[in-house]
Amino acid sequence: MAEQERRDAEAGGDATAATHTSNMQRVKVYRLADGGRWDDQGTGHVSIEYIEGSKELGLTVLDEEDNETLLVHNITSDDIYRKQEETIISWRDHEAATDLALSFQEAAGCSYIWEHICGIQRNLHFSNLGALEVGPRQASESLEASRIMHSNDDSFCSANGEFRELPPVELSNLPFILKTVLEGGISDQIRVAELITQDRDFFPKLVDMFRMCEDLENLDDLHMIFKLVKGIILLNSPSIFDKIFSDEFILDIIGALEYDPEVPRVQRHRAFLKDHVVFKEAIHIENISVVSKIHQTYRIGYLKDVILPRILDDATLASLNNMIHTNNASVISLLKDDALFIRQLFSRMRSSDVSMESKRELVLFLHEFCTLSKSLPLVQQLRLFRDLSGEGVFEIISDLLQSHDRKIVSAGTDILILFLNQDPNLLRSYIVQQEGNSLLGLLVKGMVTDFGEEMHCQFLEILRILMDSFTMSGAHRDVIIEIFYERHLDYLVDVIASSCPPRSISRSTSNSIGAGRNAGGHRIKPEILLNVCELLCFCVVHHPYKIKCNFLMNNAIEKILALTRRREKFLVVAAVRFMRTIISRNDEHLIRHVVKFNLLKPIIDVFVENGDRYNMLHSGVLELLEYIRKENIKTLVIYVTESFWDQLTKFEHFGSIQAFKLKYQQYLESAEPRLSASVPDVRKKAEQRGLEKEEEDYFNKDSDEEDSGSGRRAKLAQNQHSKAKVPNGSEADNVEGTSRYSSIDNLR
């Protein structure tokens, strides 16, 4: 009885094992169609065996239902096979001129077949080199024979499959070393990297082998050495990187990477590094470790960006970038702690005996030094910038900004931006304490100077950060703003005014008579004027009180709106944006100023001249009017409607214009009861009050200018009796000939 149970159990176990094996070999066969769609060719069981009538091993898939052959493929040594995810193996079949794929039911079956494909490819490499002989075998013995052959040849692996040691670095072992480095899982790669690091002779022998092959012009072996070096780099081992990028091996490693088999011509990286790359010491660095780190950093960057940019994977690229970052931090840390070095650098930059070429090198060195300081931790960065400030770096930059060398000026502005991004109060404190505040003046002047290469944008950025009210603190908060408004704001406004044609000259003829030149006769680039306008908008937002006082006293708004007379559309749009910024402050004094001096007239004029062109100017003006309506700025609604409705009538088909007029009508309707009672006897009351002569003159002046001899309020009353119905059912006023101030005085 017990014996029968044992036999039944064994039979059940055999059936279970057979079922498991069948599931492991169960696959779907897919073929890539012309439209990029994968067509299902059927489901069957895959095996690796010798192809009938051939001495080559291949993949065979038999249909699971009728045992028909779904696929026969000879495994080649070409690098065409890819394992995707855990259950798919795909390749490009050159004979069939199509792509094929096997989708396994189980991941274990996929891994099993993949390992045997890799093993067969390895044997094919050895066979081609005469290292192994592969003879025909019976199909039923193919998989087992392949496994035995691999284990016999893998004499450098332990019983559990772990690499015990690498084969000697010799030309005859090169194919096996290459396969060892390129194949295997993550654990195998880690072990191979450890073995390479532990073998002190690995790189010396590899370099000797490369030199020998290069002397013999053995391209086949040089191509294999290229693949080996590339594979070693992709192992992504920091200890290997230390070896590769050392002075001892780096040039030979780069030489090996010149023989890329996929590039038709041999590259000349070593010649470039030797003949064209020169390490310029602007100031002598005594520390040998610093110099070595600088050289190593350049080599890493060259290999990463020039030699292997299309080959490096994300992990290796991240490791190389981290090495560069670490080296930079180490170099800056060593130099910043050398107080004598910093003093010597600044002393040479101040010296009048230094040639222009040497000074440029010193400036570029300081620029790079400050730029690389971003590799340091934030606390150390701040300490470094404070130390440089204490050593007089801003005095150095003040001299740089007065140079005629654009490259030196550009470096100076870059350094200032680095300081401002770190701690703006360092520069603010210096400007406030500097005698004459000359640095701020240089920045303002630099903004309107044509240095080329859009450097005026750098000056704009510096001034914006410098006067950003949200980042200001300490005792110097108001002082630096006061300095700017007292000494420099009027200058910037005058730059705009002097660069625009007068009112009597149209935009179409402005360029032909020298418009766009400042008071000194120098032509101001339109891009510079745009930046000045942007800075003024910034000031309106951040310093509303200071800007209001200045604009009301000096009529600066009208000068800035002269940009509407420029031919460049983007400058006209900038003027509209400036007016939008002014109105967005919703300041009663500024709004009255706009109405009093009729400052919206140039905006409406350019809008009307633009016609039905749907562009930024069109959208900007409509948005400005929409903002006035939505924010319920009554004074401006009445002013615009009564002053410019004749011009805006042809745009009444736009919804925003209709809504604007409706808002005006609502104001009049809400004020009608009061106006109807006050208008008939307004003159009588005025006479009874006995107006003084000055008041009477003022009243008559307004009437002459705006009403052409008719009384303002009488006109308004007349308009109330001449209302007409508009299509949407609301009432529209006949505003023709009315004063733009008639309703403002009564509705205020």
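It should be emphasised that the depicted structure is a prediction, and the values quoted were computed from it without experimental measurement.

## Description of the overall build of the chain
Step number 1: Assigned secondary structure in the chain consists of 36 helices and 9 strands.
Step number 2: The contacts of the chain with a sequence gap of at least 6 include a subset with a gap of at least 24, amounting to 66%.
Step number 3: Summing over all exposed atoms, the chain offers an accessible surface of approximately 38,700 Å²; the carbon and sulfur share of this is 49%.

## Side note on helix α29 (residues 601-610)
Step number 1: The set of residues buried in α29 consists of Ile-603, Ile-604, Val-606, Phe-607, Val-608 and Asn-610.
Step number 2: At the C-terminal side of α29, Gly-611 shows a positive phi close to 65°.

## Overview of unusual backbone geometry
Step number 1: The residue Asn-586 is not glycine, and still its phi comes out positive at about 55°.
Step number 2: Among the structural elements, Asn-586 can be located in the loop between α27 (569-584) and α28 (588-596).
Step number 3: For Asn-586, a relative accessible area of 40% gives the class partly exposed.

## Remarks on a nonpolar patch on the surface
Step number 1: Together, Leu-171, Met-212 and Leu-216 make up a nonpolar patch on the protein surface, roughly 280 Å² of accessible area in all.
Step number 2: As for its position among the elements, Leu-171 is in the loop between α3 (142-153) and α4 (174-182).
Step number 3: By relative accessible area, Leu-171 is classed as partly exposed at 32%.

## Re the side chain of Thr-564
Step number 1: Position of Thr-564 relative to the elements: it lies in the loop between α26 (556-560) and α27.
Step number 2: Polar contacts involving the side chain of Thr-564 include one to the main-chain carbonyl oxygen of Leu-561, which spans 2.6 Å.

## Description of the pairing of strand β1 (residues 26-32)
Taken residue by residue, a regular strand's side chains alternate between the two faces of the sheet.
Step number 1: In this sheet, strand β2 (residues 38-50) lies alongside β1 in antiparallel orientation, the contact comprising 7 bridges. By the bridge assignment, Arg-31 is partnered in β2 with Asp-39.
Step number 2: Relative to strand β7 (residues 98-104), β1 runs antiparallel, the two being bridged by 5 bridges. Residue pairing across strands places Val-29 opposite Leu-102, the latter belonging to β7.

## A word on the environment of Asn-550
Step number 1: Counting through the fold element by element, Asn-550 comes out in helix α25 (residues 544-554).
Step number 2: Considering only alpha carbons, one finds Asn-550 and Tyr-485, 65 residues apart in sequence, at a separation of 7.9 Å.
Step number 3: If near-sequence neighbours (up to four positions away) are discounted, Asn-550 is found in contact with Tyr-485, Leu-489, Asp-490, Asn-555 and Ala-556.

## What about the sheet that holds β7?
Step number 1: Spatially, 7 strands are ordered β4-β3-β2-β1-β7-β6-β5 in an open sheet, and the strand pairing comes out antiparallel. Edge positions in the open sheet fall to β4 (69-74) and β5 (81-84), since each of these has one partner strand only. The sheet shows a mean angle of 30° between the axes of neighbouring strands, taken without regard to direction.
Step number 2: As paired strands, strand β3 (residues 57-63) and β4 are joined by 5 bridges and run antiparallel to one another. Each bridged residue has a counterpart across the sheet, and for Val-61 the counterpart in β4 is Leu-71.

## Points about the confidence of the model for the chain
Step number 1: With 77% of its residues at a pLDDT of 70 or more, the chain has an overall mean of 78.
Step number 2: The spread of mean pLDDT over the elements of the chain runs between strand β9 (residues 731-732), the lowest at 36, and α27, the highest at 96.
Step number 3: For the stretch residues 1-7, pLDDT sits under 50, and the model shows 0 contacts to residues farther than four places along the chain or on other chains.
Step number 4: Contacts of residues 677-696 to residues separated by more than four positions or lying in other chains number 10 contacts, the stretch itself having pLDDT below 50.

About the criteria used
Residues numbered from 1 in each chain as written. Predicted model: local features only at pLDDT ≥ 70, side-chain atom pairs only at ≥ 80, totals over all residues. Heavy atoms only, no water. Helix = DSSP H or I, 4+ residues; strand = E, 2+ residues; numbered from the N terminus. Contact = heavy atoms within 4.5 Å. Areas by Shrake-Rupley, 256 points an atom, 1.4 Å probe, with all protein chains shown as cover. Buried < 20%, exposed > 50% of the residue type's maximum accessible area, 1.4 Å probe, protein only. Patch = residues over 30% accessible without salt bridge, like charges linked within 9 Å, V, L, I, M, F, W, Y side chains within 5 Å. Salt bridge = Lys/Arg side-chain N within 4 Å of Asp/Glu carboxyl O. Polar contact = N/O pair within 3.5 Å; in protein donor to acceptor, adjacent residues only side chain to side chain. Pairing = 2+ DSSP bridges. Axes fitted to C-alpha atoms, helices over the stretch in contact; angles between N-to-C directions. pLDDT = per-residue confidence, 0-100.

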